[in-house]
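Here's the letter readout for the chains.
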Amino acid sequence: MYYVLIAHHNECCFPKKQSNSKVIIVSEFDMTSIMDRVISILKSADAVCFDVDSTVIQEEGIDELAKFCGKGEEISNLTSKAMGGSMTFQESLSLRLNILQPSKQQIQNFLDQQPAKLSPGIKDLVNLLQKRKIAVYLVTGGFKCIVSPIADQLNIPSENIYSNRMKFYFDGEYAGFDETQPTSRTGGKAEVMRILKKSKGYKNVVMVGDGATDLEASPPADAFIGYGGNVIRKAVQEKAKWFIKDFKQIIEILEK
């Protein structure tokens, strides 16, 4: 076990020592320096990848779909476990979909009646990145049929979406999901980062998100920015080298 302590001037308070524990003392100057490195990578980024649920949009798409289908509470509990890192993503995804089993028509009705709400500032941020010729991607454990209308609002091309895919029978009934997609499993977002860097030749890739699956994408992403504008996940807030609650914070840094 490691403790990371921030030393204030000449003082430092140590927790009660436990067996096999080590203490790493990090000064306030060091913490600022670490955040500055993330900001430096952001300023030189050639690609920025965003999680979707609770990051680009204000809600968890699959939770909202579950509420629409009358199965909200069961699905929400599993989503929290997955995002908090207490269950593998593939376990959570499989369990949620086995409970939900949405038909193609149910999904279309949901999209028509309850369009997703973009997080404040995200459209301005994406516009700024695109004006600067920085590629923008949506990398999510959500489903393309739900994410595509969100991408359209942000002028993000379909080929820049890395997501899961539902399968349906000819009559439109749910038939499972595509388990070959990297985003369907734990570590999948990291795999997408590797794919992007190898296929596109990107040198500086930044991942932005609220959940444990986003945090674990860096590395191979060159930097991670934690986002807590909709929900704060404690583990992500503690481990992110730069944690923001408003996308305006990124915009302000880029415009300096």
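Looking at an unreviewed UniProt entry, one finds the protein chain named Phosphoserine phosphatase and attributed to Cryptolaemus montrouzieri. Here the protein chain is described in UniProt, under the heading Pathway (unreviewed entry), as follows: "Amino-acid biosynthesis; L-serine biosynthesis; L-serine from 3-phospho-D-glycerate: step 3/3." In the Cofactor (unreviewed entry) part of its UniProt record, the protein chain is described as follows: "Mg(2+)".

Before going further, it helps to spend a moment on the UniProt feature "active site" (unreviewed entry) in the protein chain. Following the UniProt record, the feature "active site" (unreviewed entry) maps to Asp51 and Asp53 here. Among the structural elements, Asp51 can be located in the loop between strand 3 (47-50) and helix 2 (52-56). Taking relative accessible area as the criterion, Asp51 reaches 4% and is therefore assigned buried. The contact partners of Asp51, leaving out residues within four places of it in the chain, are Val56, Val139, Thr140, Lys189, Met207, Val208, Gly209, Asp210 and Asp214. A polar side-chain atom of Asp51 sits 3.2 Å from a polar atom in the side chain of Thr55. With respect to the secondary-structure elements, Asp53 resides in helix 2. Those residues in contact with Asp53 that sit more than four places away from it in its chain are Glu59, Glu60, Gly61, Thr140, Gly142 and Asp210.

The tally for this structure, following the rule as stated, stands at five aromatic pairs. Taking the centre distance of 4.1 Å and the plane angle of 5° together, the rings of Tyr227 and Phe247 count as stacked. Linking Tyr227 in strand 9 (residues 223-227) with Phe247 in the loop between strand 10 (243-244) and helix 12 (248-255), this pair joins segments that are 20 residues apart in sequence.

Moving on: the packing of helix 3 (residues 61-68) against helix 6 (residues 104-113). The packing of two helices is summarised by the inter-axis angle and the distance between the axes. Where helix 3 contacts helix 6, the axes come no closer than 10 Å and their chain directions differ by 105°. Between helix 3 and helix 6, the interaxial angle falls into the category roughly perpendicular. Where helix 3 abuts helix 6, its residues Gly61, Glu64, Leu65 and Phe68 lie against Gln106, Ile107, Asn109, Phe110 and Gln113. Counted by class, the contact of helix 3 with helix 6 contains four nonpolar, four polar and one charged residues.

Turning next to the pairing of strand 3. Of the two faces of strand 3, the one holding Ala47 and Cys49 and the one holding Val48 and Phe50 are both buried throughout. As judged from the four bridges shared by strand 3 and strand 4 (residues 135-143), these two strands associate in the parallel manner. Across the sheet, Cys49 pairs through a bridge with Tyr137, a residue of strand 4. Bridging between strand 3 and strand 8 (residues 205-209) involves four bridges; their strand directions are parallel. The partner of Cys49 across the bridge, within strand 8, is Met207.

Cis rather than trans, the peptide bond between Ser218 and Pro219 has omega equal to -10°. Summarising the element assignment, Pro219 is placed in the loop between helix 10 (212-215) and strand 9. Following Pro219, the chain continues to Pro220 via a peptide bond in cis, the omega torsion being 15°. For Pro220, the position within the fold is in the loop between helix 10 and strand 9. Even without being a glycine, Gln101 presents a positive backbone phi close to 40°. Of note, Gln101 is situated in the loop between helix 5 (89-100) and helix 6.

A separate point is the pattern of salt bridges. Counted according to the given criterion, the structure contains six salt bridges. Ionic pairing is found between Arg233 and Glu60, a salt bridge with its closest N-O pair at 3.2 Å. Taken together, the residues Arg233 in the loop between strand 9 and helix 11 (234-239) and Glu60 in the loop between helix 2 and helix 3 connect sequence positions 173 residues apart. Residue Glu60 is classed as buried on the basis of its relative accessible area, which comes to 9%.

Parameters and conventions
- One numbering rule holds for all chains: residues counted from 1, following each sequence as written.
- The predicted nature of this model means local features are confined to residues of pLDDT at least 70 and side-chain atom pairs, given and counted, to a pLDDT of 80 or more, with totals for whole chains, interfaces and linings taken over all residues.
- Side-chain descriptors were evaluated using all non-hydrogen atoms of the structure, hydrogens and water having been removed beforehand.
- UniProt positions are given in the numbering used here, feature names are shortened, and annotations may be inferred rather than shown by experiment.
- Going along the chain from the N terminus, every DSSP run of H or I of four or more residues is numbered as a helix, and every run of E of two or more is numbered as a strand.
- Relative accessible area decides the class of each residue, using a 1.4 Å probe on protein chains only: under 20% of the type maximum gives buried, over 50% gives exposed, and in between gives partly exposed.
- When checking whether two residues touch, look at their non-hydrogen atoms; a contact exists if any pair is within 4.5 Å.
- Think of a polar contact as two N or O atoms within 3.5 Å of one another; within protein, one of them needs to be a possible hydrogen donor and the other a possible acceptor, and neighboring residues in sequence only count if both atoms come from side chains.
- Geometry of aromatic contacts follows a simple scheme: Phe, Tyr and Trp rings, the Trp one being its six-membered ring, pair when their centres are within 6.5 Å, and the pair is stacked under 30 degrees between planes, edge-to-face over 60, tilted otherwise.
- Axis definition: a line fit to C-alpha positions, over the contact stretch in the case of helices; interaxial angles, taken between N-to-C directions, run 0 to 180 degrees.
- Any angle from 65 to 115 degrees is called roughly perpendicular, while one under 35 is roughly parallel, one over 145 is roughly antiparallel, and all others are oblique.
- Amino acids are sorted into nonpolar (Ala, Val, Leu, Ile, Met, Phe, Trp, Tyr, Cys and Pro), charged (Asp, Glu, Lys and Arg) and polar (every other residue, Gly among them).
- Only when DSSP finds a minimum of two bridges between them are two strands counted as paired.
- Between Lys or Arg on one side and Asp or Glu on the other, a salt bridge is scored when a side-chain nitrogen of the former is within 4 Å of a carboxyl oxygen of the latter.

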